[in-house]
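What follows is the residue order along each chain.
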Amino acid sequence: MKMHTLLVAVAVAAVLAGCQRTSFGGLNTQQQPAPLMPAPVGGVQSGQLAPPMTPQPNEFPAAPTAPTQTMAPDVAAANAPELTREALIGRWSAGSGGTTCDVFLSLTKWTGGYRAASRGCVGNAAAIAAWDVQGKQVILADSSGNQIARLYQSANERYDGSTTAGQPISLSR
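Remember, predicted model here, so these are calculated numbers, not experimental data.

Let us now look at the sheet that holds strand 1 (residues 90–96). Taking strand neighbours around the barrel as the criterion, the eight strands line up as 1-2-3-4-5-6-7-8 in a closed arrangement whose pairing is antiparallel. This sheet shows a mean twist of 30 degrees between the axes of neighbouring strands, independent of strand direction. Relative to strand 5 (residues 137–141), strand 4 (residues 130–134) runs antiparallel, the two being bridged by five bridges. Directly across from Val 133, in strand 5, lies its bridge partner Val 138.

Structure, rendered in C-alpha cells:
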C-alpha cells in the first residue's frame, strides 16, 4: 500500500513539474529589434514622358491564313525512336484542345491493349480507357477498343500526335 502511494505521489510530482514555466536565458519578449538601415537611393529625376505610340494600320503583319506545321505527322512518326511499354507507365499530363488533364497508363490488360485512366479531361481525351504501342506510336483507345489518338515521341518524356477527329494531342511528364 505504501509503495502504491509513493508511486502516485511521484507521478503527480512529475506531472506538476512538467507544468512549470521556464525561462530560456533571460529572453526578453518586450525588447524590439533594431530598425534596418534604409537602402541608399540615387537622385530622383523628373520630366515629361514621351507621348504614347499609336499603331498605324499598316504596321502589323497580315494574319496567317493556315496553321504552319514544321513536319508532317507521318514523317515525324517515321523518324521517332522505338518505344517500350515500360517507359510509358505512370502519370502523364495530356494536352488537347487548349486544356490539360492527367492520364494514367498501366500494364493491366484491357480491351484495346492496356488499362488507362483519365482525370479532368474533356472531349476525346475524357474517353481514354486503353493504350498500346504499335511500332513507334502510342495508340490511345476508348473502353470499347476504338482508337482515339495516335502519338509519337517528339522529345524526351513527350509524345505528340492527333486524335481521330484531327485535333492535336500531347502527353508529357
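To continue, consider the pattern of salt bridges. This model, assessed by the stated rule, comprises five salt bridges. Between Glu 157 and Arg 173 there is a salt bridge; the shortest N-O distance is 2.9 Å. On the criterion of sequence distance, the pair formed by Glu 157 in the loop between strand 6 (147–155) and strand 7 (158–163) and Arg 173 in the segment after strand 8 (168–172) is long-range, its members being 16 residues apart. For Arg 173, a relative accessible area of 46% puts it in the partly exposed group. With a closest N to O distance of 3.1 Å, Asp 160 and Arg 158 form a salt bridge. A single salt-bridge network, built from bridges that share partners, covers Arg 91, Asp 102 and Arg 119.

According to the stated counting rule, one finds one disulfide in the structure shown. The partner cysteine of Cys 101 in its disulfide is Cys 121, sulfur to sulfur 1.9 Å. Taking the sign of the S-S torsion, about 85 degrees here, the bridge from Cys 101 to Cys 121 comes out right-handed. On the criterion of sequence distance, the pair formed by Cys 101 in strand 2 (residues 99–110) and Cys 121 in the loop between strand 3 (113–119) and strand 4 is long-range, its members being 20 residues apart.

Time to look at the confidence of the model for the chain. When pLDDT drops low, the exact placement of atoms in the prediction is not to be read closely. Summing up the model confidence of the chain, the mean pLDDT is 80 and the portion of residues at 70 or higher is 75%. Note that pLDDT drops below 50 for residues 67–71; the model gives that stretch two contacts with residues more than four away or on any other chain.

Across seven bridges, the pairing between strand 1 and strand 2 is antiparallel. In the strand pairing of strand 2, Ala 94 is matched with Cys 101. The turn linking strand 1 back onto strand 2 is made up of two residues, and Gly 97 within it adopts a positive phi angle of 65 degrees. Alignment of strand 1 against strand 8, held across four bridges, turns out to be antiparallel. Its bridge partner lying in strand 8, Ser 96 is registered against Ile 169.

Conventions we followed
Going along each chain's sequence as written, the residues are numbered from 1 onward. Thresholds applied to this predicted model are a pLDDT of at least 70 for local features of residues and 80 or more for the giving and counting of side-chain atom pairs; totals over whole chains, interfaces and linings are not thresholded and use all residues. Note that the side-chain values use all heavy atoms of the structure and ignore hydrogens as well as water. Two strands are said to pair when DSSP picks up at least two bridges between them. Only DSSP runs of H or I covering at least 4 residues are called helices, and only runs of E covering at least 2 are called strands; the numbering of each starts at the N terminus. Only the contacting stretch of a helix is used when fitting its axis, a line to C-alpha atoms as for every element, and angles between N-to-C directions run 0 to 180 degrees. In what follows, salt bridge is the name for a side-chain nitrogen of Lys or Arg lying within 4 Å of a carboxyl oxygen of Asp or Glu. Summary of the burial criterion: residues with accessible area below 20% of their type's maximum are buried, those above 50% are exposed, and those between are partly exposed, where the area comes from a 1.4 Å probe applied to protein chains only. Pairs of cysteine sulfur atoms within 2.5 Å are identified as disulfides in what follows. Along the chain, pLDDT gives the predictor's confidence residue by residue, from 0 to 100. Only heavy atoms matter for contacts: two residues are in contact if any of them lie within 4.5 Å across the pair.

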